[in-house]
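Fold and geometry: a report
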Amino acid sequence: MILMYTSAVRVVRSPVFEIFWFTHHLYILFYGLILLHGCSAVLEPPTFWIWFVFPGMVYLIERTVRVMRGSQSTIVLQAIAHPSRVLELRMRKPQFLYIPGQYVFLSCPYIANFEWHPFTISSSPDEEFMSCHIRIIGDWTGKLWELLNPDGVEGIVQEHMVTAPNGSPIIMIDGPYGAASEEVFGFDTVILFAAGIGVTPFASILKAIKHMLDVNPDQCRIQRVHFYWSNRDSTAFEWFIWLLAYLEQTCDFLDINLFFTGNLTPDQVRAAHHGGDLDHDAITGLNAKTTFARPVVKNIIQQKAQEYQGQRVGVFFCGPPVISKLLYDACTSVTNAREGTRFIYHKENF
């Protein structure tokens, strides 16, 4: 139990996931020993098995279903290396159907036979491929980066990859699985907050909203989207800047707000203060200007509460727990049942 607990701490789990994965499966030994304990019936007949049988069977069925679902391999149509060590995998669409905001588990048998890692789907269901944006932060993602991008360059690094060097499938998929973000289509007005790589579910959602409004506007309830995205690295905006630029020019449902919380290079400082193009942002090139500070979420929510007084607004967040707590408190403080103002909060933490 000590090994299972200590390896589950974030500072251990994130950089060396394999240690967490293998020690976590010591629960099999743990429950086995509990079942054996007391079999001699020295004090009284053993009873733990009575409470173990039903949940154990349910868990066994769930694991069997996951093994069967995870047996589907796919083709990596493109692997694209983005700035800030983010790898985009564009894969052949699997047999299952998914909706924006959901996630899948991915496995690379060449790296580890038994490891499955969750990644949010960043593509829209109407696109010809399924994509995931993977931030390289641990041992498994680091090995995937080395496998697909051994030269460490940016841009398209692999195309139409079916198998790994040892002949095993390059990627296995298990999913999709539901997440809080998929509830976004139940609101007229939504506020999307993303921190860093937490933007991935909202990229899928924004693409889907645009497609629905173009194809069949009557099926899309959403009328207004306020989008907030903060990054410590200015190059991280490049992950989806093409999408934001396209939406900014072609639709009017989206309000874009970008925040840069890192340090500017000397060239960026000069461009920000002495740039010749006043119509476009010096960092992103968008019409929407980047704010060089952390978003004050309490002030943002209070301002929107005044704007949407008496209305029901969906607030969605994907990012670290610290910001999530601030957003939750802000949404709770402006929710007023008497006036009908409801800011309903949904979160995904990483």
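Keep in mind that what you see is a predicted model, and the values were worked out from it rather than measured. (Residues numbered from 1 in each chain as written. Predicted model: local features only at pLDDT ≥ 70, side-chain atom pairs only at ≥ 80, totals over all residues. Heavy atoms only, no water.)

Here the focus is the overall build of the protein chain. Assigned secondary structure in the protein chain consists of eleven helices and 14 strands. Expressed as lengths along the three principal axes of its C-alpha atoms, the size of the protein chain is roughly 80 × 60 × 45 Å. When the accessible surface of the protein chain is summed, it comes to about 18800 Å², and 59% of that surface belongs to carbon and sulfur atoms. Here the protein chain contributes 26 positively and 32 negatively charged side chains, and the mean placements of these two sets differ by 6 Å. (Helix = DSSP H or I, 4+ residues; strand = E, 2+ residues; numbered from the N terminus. Areas by Shrake-Rupley, 256 points an atom, 1.4 Å probe, with all protein chains shown as cover. Lys, Arg positive; Asp, Glu negative; His and termini not counted. Charge placed at Lys NZ, Arg CZ, Asp CG, Glu CD.)

Look at helix H7 (residues 200-215) against helix H8 (residues 241-250): their axes get within 11 Å of each other, and the N-to-C directions meet at 30°. Taken as axis vectors, H7 and H8 run roughly parallel relative to one another. H8 is crossed by H7, and the crossing has left-handed handedness. The residues of H8 that touch H7, namely those facing Ala203, Leu206, Lys207 and Lys210, are Trp242, Leu243, Leu244, Tyr246, Leu247 and Thr250. Residues of the contact of H7 with H8, tallied by class, amount to seven nonpolar, one polar and two charged. (Axes fitted to C-alpha atoms, helices over the stretch in contact; angles between N-to-C directions. Parallel < 35°, antiparallel > 145°, perpendicular 65-115°, else oblique. Left-handed = near helix turned anticlockwise from the far one by under 90°. Contact = heavy atoms within 4.5 Å. Nonpolar A, V, L, I, M, F, W, Y, C, P; charged D, E, K, R; others polar.)

Now for the environment of phenylalanine 227. Structurally, the position occupied by phenylalanine 227 is in strand S10 (residues 224-231). Phenylalanine 227 gets classed as buried once you look at its relative accessible area, which sits at 1%. (Buried < 20%, exposed > 50% of the residue type's maximum accessible area, 1.4 Å probe, protein only.)

Taking burial as the measure, the seven residues of strand S8 (residues 171-177) include seven buried ones, the bulk of the element. One ladder, built from three bridges, connects strand S1 (residues 72-74) with S8; its direction is antiparallel. Its bridge partner lying in S8, serine 73 is registered against methionine 172. The pairing of strand S4 (residues 103-107) with S8 spans four bridges and is classified as antiparallel. Residue leucine 106 lies in a different strand from S8, and its bridge partner there is isoleucine 173. (Pairing = 2+ DSSP bridges.)

Okay, the sheet that holds strand S14 (residues 342-349) next. In a beta sheet, neighbouring strands pair by backbone hydrogen bonds and run either parallel or antiparallel. Taken in spatial order, the six strands make up an open sheet running S12-S11-S10-S9-S13-S14, and their pairing is parallel. Taken across any chain shown, the strands that pair with only one partner, and hence form the sheet edges, are strand S12 (290-291) and S14. Inspection of the sheet shows S10 paired to strand S11 (residues 254-260) by seven bridges, in the parallel sense. Paired with serine 230 across the two strands is phenylalanine 259, which belongs to S11. Packed onto the sheet, helix H10 (residues 297-307) meets strand S9 (189-195), S10, S11, strand S13 (312-319) and S14 and runs at close to 170° relative to S9.

Looking now at the pattern of salt bridges. Tallying each qualifying case throughout the model produces six salt bridges. Lysine 304 is the salt-bridge partner of glutamate 307, the closest N and O atoms lying 3.3 Å from each other. Placement of the pair is glutamate 307 and lysine 304 together in helix H10, with a separation of three residues, close to one helical turn. Residue classification places glutamate 307 among the partly exposed positions, given a relative accessible area of 44%. (Salt bridge = Lys/Arg side-chain N within 4 Å of Asp/Glu carboxyl O.)

One recurring pattern in soluble globular proteins is that nonpolar side chains are buried together. Core analysis: the largest hydrophobic core is formed by 38 residues, its most contacted members being Leu192, Leu206, Val225, Phe227, Trp229 and Leu244. Listing elements by their share of this core, those giving two or more residues are S9, H7, S10, H8, S11 and S13. A per-element tally of this core places H7 first, with five residues. Discounting residues that sit within four places of it in the chain, tryptophan 229 has contacts with Ala194, Ala195, Gly196, Val199, Ala236, Phe237, Trp239, Phe240, Leu244, Asn257, Leu258 and Phe259. Among the nonpolar cores identified, the runner-up in size contains 30 residues, and Met91, Leu106, Ile121 and Val157 belong to it. (Core = buried A, V, L, I, M, F, W, Y, C linked by side-chain atoms within 4.5 Å.)

Turning to the packing of H10 against helix H11 (residues 321-334), a few remarks are in order. Interhelical geometry of H10 versus H11 gives an angle of 30° and a closest axis separation of 9 Å. Accordingly, the angle class assigned to the pair H10 and H11 is roughly parallel. Between H10 and H11 lies a crossing of right-handed hand. On H11, the residues touching Val297, Lys298, Ile301, Gln302 and Ala305 of H10 are Leu326, Leu327, Ala330, Cys331 and Val334. Broken down by class, the residue content of the contact of H10 with H11 amounts to eight nonpolar, one polar and one charged.

With that settled, consider the pairing of strand S6 (residues 129-135). Along S6, six of the seven residues are buried, which leaves the element largely enclosed by surrounding structure. Across seven bridges, the pairing between strand S3 (residues 86-92) and S6 is antiparallel. Its bridge partner being in S6, leucine 87 is matched across the sheet by isoleucine 134.

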